[in-house]
Amino acid sequence: MARIKYYQALTRAIREEMERDERVILMGEDVGASGGIFAQTKGLHAAFGSQRVRDTPIAENGFVSAAVGAAMTGLRPIVEIGFEDFVTCCMEPLVNQAAKLRYMLGGQVSVPMVLYTFGGGGVNAGPQHSQSLAAWFAHVPGLKVIMPSTPEDVLGLVKAAIRDDNPVICLLSKKLIGTSGEVPDTGTELVGSIGEAKIVRPGCDVTIAAVGQMVLTALKASDFLADRGIDAEVVDLRSVSPLDISTVLQSVCRTRRLAVVHEGHGPFGIGAEVVAQISERAFGQLRSPPLRITPPFAPSPFTPSLEQLYLPSAERIADAVSHLAMEAR
Amino acid sequence: MLTMVEDNLSQELTDLIFTTMCEIRAFELIASERYKNGDLPGFIHLSLGQEACAAGACAALEREDLITSTHRGHGHCLAKGADPNRMMAELFAKQQGYSKGRAGSMHIADVAAGVLGANGIVGQSMGLGVGAALSLQIRHQPNVVIAFFGEGASGAGIAHEAMNIAALWKLPIIFFCEVNRYAELSPYEVHVSTPTVAERSVAYGFPGVTVDGEDAVEVYRAVKAAADRARSGGGPSLVEARTYRWQGHYEGDPQVYKTDRERAEGQHFDPIAKMRERGAAGTEQHFTGLQKEAERRIQAAALWASGLQSPPPAALLEDVYAEAYHG
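All values derive from a computational prediction rather than experimental measurement. (Residues numbered from 1 in each chain as written. Chains lettered and ligands numbered in written order. Predicted model: local features only at pLDDT ≥ 70, side-chain atom pairs only at ≥ 80, totals over all residues. Heavy atoms only, no water.)

Participant: Before we move on, can you summarise the overall build of chain A with the specific residues and values?
Facilitator: Within chain A, the regular secondary structure consists of 12 helices and 14 strands. Along the first, second and third principal axes, the C-alpha set of chain A runs to 60 × 40 × 40 Å. Within chain A, buried positions represent 62% of all 329 residues. Here the contacts in chain A between residues at least 6 apart in sequence split such that 81% fall between residues at least 24 apart. Carbon and sulfur atoms make up 54% of the accessible area of chain A, which amounts to about 11,900 Å² in all. (Helix = DSSP H or I, 4+ residues; strand = E, 2+ residues; numbered from the N terminus. Buried < 20%, exposed > 50% of the residue type's maximum accessible area, 1.4 Å probe, protein only. Contact = heavy atoms within 4.5 Å. Areas by Shrake-Rupley, 256 points an atom, 1.4 Å probe, with all protein chains shown as cover.)

Given below as structure tokens:
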């Protein structure tokens, strides 16, 4: 095993897939010789040249539309959008083109492309550089949406996404860029499976379903809860679409309690969907009302002190889940 | 500058262009009639009057070349070689249609014939076309793309983004603008700040020409020159054809925005008549024969399509996602 950083797992996934399949290309703002704003594409331009690793102008609508056109005609493009907020500038080609072309063309084409981007808060980046829009994309049939939280999952899921014949949106967490984790040594291939949640901490008192950087926060919260005598099970959703509800359901059937934690807003969000699906399937199993823990319905502040209040913290999660676990004990 | 190609077209090429225009004319007239009868669901946008653009432009392409089209795409699809039977089946919402009868007039595609699809979002033909041209360039294919669009799309952000990217990357693409006088329900002057769309090519550093969109031969020559240029690595071009939209934006559009003068002049704008005029003495009968044949083919297509089955309920969920992984 090797220990690498979150962003290095991304670089490795892209590099391995570009070596494996010459149809794979990378395009985006500053992905070329500069190596990207977080060094996430460092070395790729030198390795694969400017035909396959292409700097684009600042024109998300244009180059994402171009990626869709290229994916329809024999390439497997990877597109970087530096900040998740900027994906709003290319919703058109994603939602109306990439997601629907296979259906609209009666199965004549597939659109094998990956769009990866860095989202979420915790780095004082302000309202236009901190959003988590997973629920927007997950609402669109034809798209897949993944949110890896560890270097291992970045490596495995990005590789799986590149090999997938559907458009896949990969939402990475800015806050996790510098985190480290174990991955197989170079030369040992790891290809993940999109649509599988993972129990990252087993427990029997309450299920905390989390996604993205909130998985790490939920794990920290579970330590606080353990100190209070509450044994929480933490499920990393890993993929938002498809959503592995059966793993969450099985967990909830054991713990009889559910909290969902994520960075996107509460209304119509990931938590709303998970809670709805669990309520539909296991309403009678629940010992207490399911809970969503999310930021408030307001833009993300730049102010460090306010952003701390904004994002769900381990303490806040532990407090909320403690109440949940105490109810109807 | 675009170089001139041969002055006189071969008989074969003349016949091809003329026949294609007649097929488009017949297709649109029958679609209009069937729509009025309530046989076609949804809504349709017709290209009557614009036949010379599709027929002339696509005659300059090879079979392996690609096109991306617009919401007004029947003519482009026919001209690039899509099967009128399957096109009609799609308009009639039948399962033998190109999209299994689920997407209709605005999404007709025949990828094997190089038609990457009509498209319901104004301007996206240009971005998708840039991507197809990028794919050709990276895969070292000797082919080119035509991205059809209209003056309405010329004001969209995607038009600028696509033309800038195509120029930066020297992609083998022809941006073909059909200026049909109206964008949706308002005239050219509401949408375009310059006298021509072609002059905008200067901003991107590639050639732009304006041609008479009533004259299929002129259209053919301009596109042939642009395609030759793209094929030899010269990069993109912009070809603007000034044409006229006989009908409304959609079938049923009362067209209150057309002036009496425009209506009167529009009646004389006829690319098929123009092509006949170009013919030498004694060719009238030959052209009439071609036109009758084309009309018969399209009538047969409509008759065939009208008798087909609708897609089964299971089609609701087909082709949303591709089959899983390979590799």
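Participant: Could you give an account of the packing of helix 1 (residues 6-20) of chain A against helix 2 (residues 44-52) of chain A, with specific residues and numbers?
Facilitator: To characterise two packed helices, one gives the angle between the axes of the helices and the distance between these axes. All names here are of chain A. In the contact formed by helix 1 and helix 2, the axes pass within 11 Å of each other and the chain directions differ by 60 degrees. Relative to helix 2, helix 1 is oriented oblique. Judged by the twist between their axes, the crossing of helix 1 over helix 2 is left-handed. Across from Thr 11, Ile 14, Arg 15, Met 18 and Glu 19 in helix 1, the residues of helix 2 making contact are Leu 44, Ala 47, Phe 48 and Arg 52. For the contact of helix 1 with helix 2, the per-class residue count stands at 5 nonpolar, 1 polar and 3 charged. (Axes fitted to C-alpha atoms, helices over the stretch in contact; angles between N-to-C directions. Parallel < 35°, antiparallel > 145°, perpendicular 65-115°, else oblique. Left-handed = near helix turned anticlockwise from the far one by under 90°. Nonpolar A, V, L, I, M, F, W, Y, C, P; charged D, E, K, R; others polar.)

Participant: Residue-level account of the interface of chain A and chain B, with values.
Facilitator: Opposite the 51 residues of chain A that make contact, chain B presents 42 residues. Across the interface of chain A and chain B, roughly 3,700 Å² is buried in total on both sides, 58% from carbon and sulfur atoms. Considering only the side of chain A, the residues that lose the most area to chain B are A:Thr73, A:Tyr103 and A:Gln108, jointly responsible for 18% of the buried surface there. Joining chain A to chain B, the criterion identifies 0 salt bridges. Counting residues per element, the ones that place at least two in the side of chain A that touches chain B are strand 2 (24-28), strand 3 (53-55), helix 3 (60-72), helix 4 (91-98), helix 5 (101-104) and helix 7 (151-163) of chain A. Taken together, the residues of the side of chain A that touches chain B break down into 21 nonpolar, 18 polar and 12 charged. (Buried area = accessible area lost by both parts, 1.4 Å probe. Salt bridge = Lys/Arg side-chain N within 4 Å of Asp/Glu carboxyl O.)

Participant: Account for helix 9 (residues 216-231) of chain B, naming residues and giving values.
Facilitator: Residues spaced three or four apart along an α-helix face the same direction, because each turn holds 3.6 residues. Residue and element names in this part refer to chain B. Between its terminal C-alpha atoms helix 9 stretches 22 Å, which fits the 22 Å expected from 16 residues at 1.5 Å a residue. Among all positions of helix 9, only Ala 216, Val 217, Val 219, Tyr 220, Arg 221, Ala 222, Val 223, Ala 225, Ala 226, Ala 227 and Ala 230 are buried. Between the side-chain oxygen at the start of helix 9 and the backbone nitrogen of Val 217 there is a gap of 3.0 Å, and the oxygen is on Asp 215. Within two residues after helix 9, Gly 233 carries a phi angle of roughly 90 degrees, on the positive side. (Expected span 1.5 Å × (residues − 1). Polar contact = N/O pair within 3.5 Å; in protein donor to acceptor, adjacent residues only side chain to side chain.)

Participant: Could you give me a rundown of the side chain of A:Asp164, with the residues and numbers involved?
Facilitator: Residue and element names in this part refer to chain A. You can see Asp 164 is positioned in the loop between helix 7 and strand 7 (168-173). For Asp 164, a relative accessible area of 0% corresponds to the buried category. For Asp 164, the side chain forms a polar contact with the side chain of Lys 144, separated by 2.7 Å.

Participant: Tell me about the sheet that holds strand 9 (residues 198-201) of chain A, residues and numbers included.
Facilitator: Two strands in a sheet stick together by hydrogen bonds in their backbones, pointing the same way (parallel) or opposite ways (antiparallel). Residue and element names in this part refer to chain A. Taken together, 5 strands build an open sheet; the order of strands is 9-11-10-13-14 and the sheet is mixed. Here the strands that pair on one side only, and so sit at the sheet edges, are strand 9 and strand 14 (291-293). The average angle at which neighbouring strand axes cross in this sheet is 25 degrees, direction not considered. Pairing of strand 13 (residues 258-261) with strand 14, which is carried by 3 bridges, proceeds in the parallel orientation. Considered in strand 14, the bridge of Ala 259 is made with Leu 291. Those strands touched by helix 10 (residues 270-282) are strand 13 and strand 14, and its axis lies near 160 degrees from that of strand 13. Contacting strand 10 (206-210), strand 13 and strand 14, helix 12 (residues 314-326) crosses the sheet at an angle of about 175 degrees to strand 14. (Pairing = 2+ DSSP bridges.)

Participant: Let's hear about the environment of B:Ser232: which residues, and what values?
Facilitator: Residue and element names in this part refer to chain B. Among the structural elements, Ser 232 can be located in the loop between helix 9 and strand 7 (237-242). It is 49 Å that separates the C-alpha atoms of Ser 232 and Asn 37, two residues lying 195 residues apart in sequence. Polar contacts involving the side chain of Ser 232 include one to the main-chain carbonyl oxygen of Arg 229, which spans 3.1 Å.

Participant: Account for the pairing of strand 13 of chain A, with residues named and values stated.
Facilitator: Residues and elements named next belong to chain A. Neither face of strand 13 is exposed, since Leu 258 and Val 260 on one face and Ala 259 and Val 261 on the opposite face are all buried. As paired elements, strand 10 and strand 13 share 4 bridges and run parallel to each other. Among the inter-strand pairings, Ala 210 is bridged to a residue of strand 13, identified as Val 261. Regarding the hand of the β-α-β motif, the stretch spanning strand 13, helix 10 and strand 14 is right-handed. (Right-handed = clockwise from strand over helix to strand, strands pointing away.)

Participant: Run through the sheet that holds strand 5 (residues 114-119) of chain A, naming residues and quoting values.
Facilitator: Residue and element names in this part refer to chain A. With mixed pairing, the 7 strands of this open sheet are ordered in space as 3-2-4-5-7-6-12. The open sheet has two free edges, formed respectively by strand 3 and strand 12 (239-241), since each of these has just one partner strand. Across the sheet, the mean angle separating the axes of adjacent strands is 20 degrees when strand polarity is ignored. Taken together, the 2 bridges between strand 6 (residues 144-146) and strand 12 define a ladder with antiparallel strand orientation. Across the sheet, Ile 146 pairs through a bridge with Ser 239, a residue of strand 12. Strands strand 2, strand 4 (76-83) and strand 5 of the sheet are contacted by helix 3, whose axis makes an angle of about 160 degrees with strand 4.

Participant: So, the environment of A:Gly120: which residues are in play, and what are the values?
Facilitator: Residues and elements named next belong to chain A. With respect to the helices and strands, Gly 120 occurs in the loop between strand 5 and helix 6 (134-138). Among the residues examined, Gly 120 registers a relative accessible area of 2% and is labelled buried. Note: C-alpha distance between Gly 120 and Ser 132 (12 residues apart in sequence) is 4.9 Å. Ignoring any residue separated from it by four or fewer positions in sequence, one finds Gly 120 in contact with Glu 84, His 129, Ser 130, Gln 131, Lys 174 and Glu 263.

Participant: Now, about the pairing of strand 2 (residues 145-150) of chain B: what can you tell me, with residues and values included?
Facilitator: Residues and elements named next belong to chain B. Counting buried positions along strand 2 yields 5 of 6 residues, so the element is predominantly enclosed. The pairing of strand 1 (residues 66-68) with strand 2 spans 3 bridges and is classified as parallel. Residue pairing in the sheet places Ile 67 in a bridge with Ile 146 of strand 2. Of the pairings in the sheet, the one linking strand 2 to strand 3 (residues 173-179) comprises 6 bridges and is parallel in character.

Participant: Account for the pattern of salt bridges, naming residues and giving values.
Facilitator: Where charged atoms from two side chains of opposite charge approach closely, those side chains can pair. Summed over the entire model, instances satisfying the criterion amount to 33 salt bridges over all chains. Between A:Arg163 and A:Glu17 there is a salt bridge, and its shortest N-O distance comes to 2.9 Å. With a gap of 146 residues between them, A:Arg163 in helix 7 and A:Glu17 in helix 1 connect regions that are remote in the sequence. What makes A:Arg163 buried here is its relative accessible area of 7%. The exposure class assigned to A:Glu17 is buried, which follows from its relative accessible area of 1%. Of the charged contacts in the structure, one is a salt bridge between B:Glu318 and B:Lys100, with a shortest N-O distance of 3.3 Å. With B:Glu318 in the segment after helix 12 (284-306) and B:Lys100 in the loop between helix 4 (84-91) and helix 5 (124-138), this residue pair connects regions lying 218 residues apart in the sequence. B:Glu318 sits in the partly exposed class, given a relative accessible area of 31%. Several salt bridges converge on common partners, so that one network encompasses A:Arg12, A:Glu16, A:Glu17, A:Arg20, A:Lys159, A:Arg163 and A:Glu189.

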